[in-house]
Amino acid sequence: MATAVWHALADPGRRAILDRLLHGPRPVGDLARECGLSQPGTSKHLRVLREAGLVDVERDAQRRLYAIRPAPMAELDAWLTPYRRLWNASLDALGDRLDARATEEDEP
């Protein structure tokens, strides 16, 4: 997985932009307003996301619409899968321990 993807996702402003793009393509002005960022700042974030391959841009008359590219997200999800299994195993063990403790407390 490219370092550029991790760099792009490290910034909370860029993650907020991606969250808005989950609902469909948006122009930079809408994204800036929805994320509470300046338009130049949003454009810079979009450039980083585009260079990392996380978003595509399409011209629609006079404006540019930005949309999520699903392939890098699928690659990220695939990379995280073994770690997710570890996390789920830890949560299952914690749940078992809490259930056992609750049972012990309920017994006289």
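Data block above holds the structure.
Remember, predicted model here, so these are calculated numbers, not experimental data.

A. A look at the packing of aromatic side chains. Under the criterion given, the structure shown has two aromatic pairs. Measuring from centroid to centroid gives 5.2 Å for Trp-6 and Trp-79, while their planes differ by 70°, and the two rings are edge-to-face. Pair noted here: Trp-6 is in helix α1 (residues 3–9) and Trp-79 is in helix α5 (residues 70–106), with a separation of 73 residues, a long-range link. Residue Trp-6 is classed as partly exposed on the basis of its relative accessible area, which comes to 36%. Aromatic ring contacts, followed pair by pair, group Trp-6, Trp-79 and Tyr-83 into a single cluster.

B. Looking closely at the nonpolar core. Residues Ile-17, Leu-46, Leu-49, Leu-54 and Tyr-66 are the most contacted members of the largest nonpolar core, which totals 18 residues. Sorting the residues of this core by element identifies α1, α2 (12–21), α3 (28–35) and α4 (39–51) as the ones contributing at least two each. Among the elements that line this core, the one with the most residues is α2, at four residues. Look past the residues within four positions of Ile-17 in its chain and what remains in contact with it is Leu-31, Cys-35, Leu-37, Thr-42, His-45, Leu-46 and Leu-49.

C. Spotlight on the pattern of salt bridges. What the rule picks out here adds up to six salt bridges. When the shortest N-O distance is used, the salt bridge between Arg-69 and Asp-56 registers 3.5 Å. Of the two residues, Arg-69 sits in the loop between β3 (63–68) and α5 while Asp-56 sits in strand β2 (residues 55–60), which places them 13 residues apart along the sequence. A salt bridge links Asp-77 to Arg-84; the shortest N-O distance between them is 2.8 Å. Using a relative accessible area of 33% as the deciding quantity, one classes Arg-84 as partly exposed.

D. A look at α3. Restricting attention to buried positions, one finds in α3 the residues Val-28, Leu-31, Ala-32 and Cys-35. Taken down its axis, α3 places every buried residue within 100° of arc, on the same side. Turning to α3, the residues buried within the fold contact α2, β1 (26–27), α4 and β3. Where α3 terminates, the next one or two residues include Gly-36, which has phi positive at roughly 70°.

E. Representation of the sheet that holds β3 within the structure. Strand order in the open sheet formed by three strands is β1-β3-β2, and the pairing between neighbours is antiparallel. Either end of the sheet is taken by a strand with one partner, and the two such strands are β1 and β2. In terms of strand pairing, β2 meets β3 through six bridges, oriented antiparallel. The residue bridging Asp-56 from the neighbouring strand is Ala-67, located in β3. Contacting β2 and β3, α4 runs over the sheet at an angle of about 115° to β2.

About the criteria used
- Residues numbered from 1 in each chain as written.
- Predicted model: local features only at pLDDT ≥ 70, side-chain atom pairs only at ≥ 80, totals over all residues.
- Heavy atoms only, no water.
- Phe/Tyr/Trp six-rings, centres within 6.5 Å; stacked < 30°, edge-to-face > 60°.
- Helix = DSSP H or I, 4+ residues; strand = E, 2+ residues; numbered from the N terminus.
- Buried < 20%, exposed > 50% of the residue type's maximum accessible area, 1.4 Å probe, protein only.
- Core = buried A, V, L, I, M, F, W, Y, C linked by side-chain atoms within 4.5 Å.
- Contact = heavy atoms within 4.5 Å.
- Salt bridge = Lys/Arg side-chain N within 4 Å of Asp/Glu carboxyl O.
- Arc of directions from axis to C-beta.
- Pairing = 2+ DSSP bridges.
- Axes fitted to C-alpha atoms, helices over the stretch in contact; angles between N-to-C directions.

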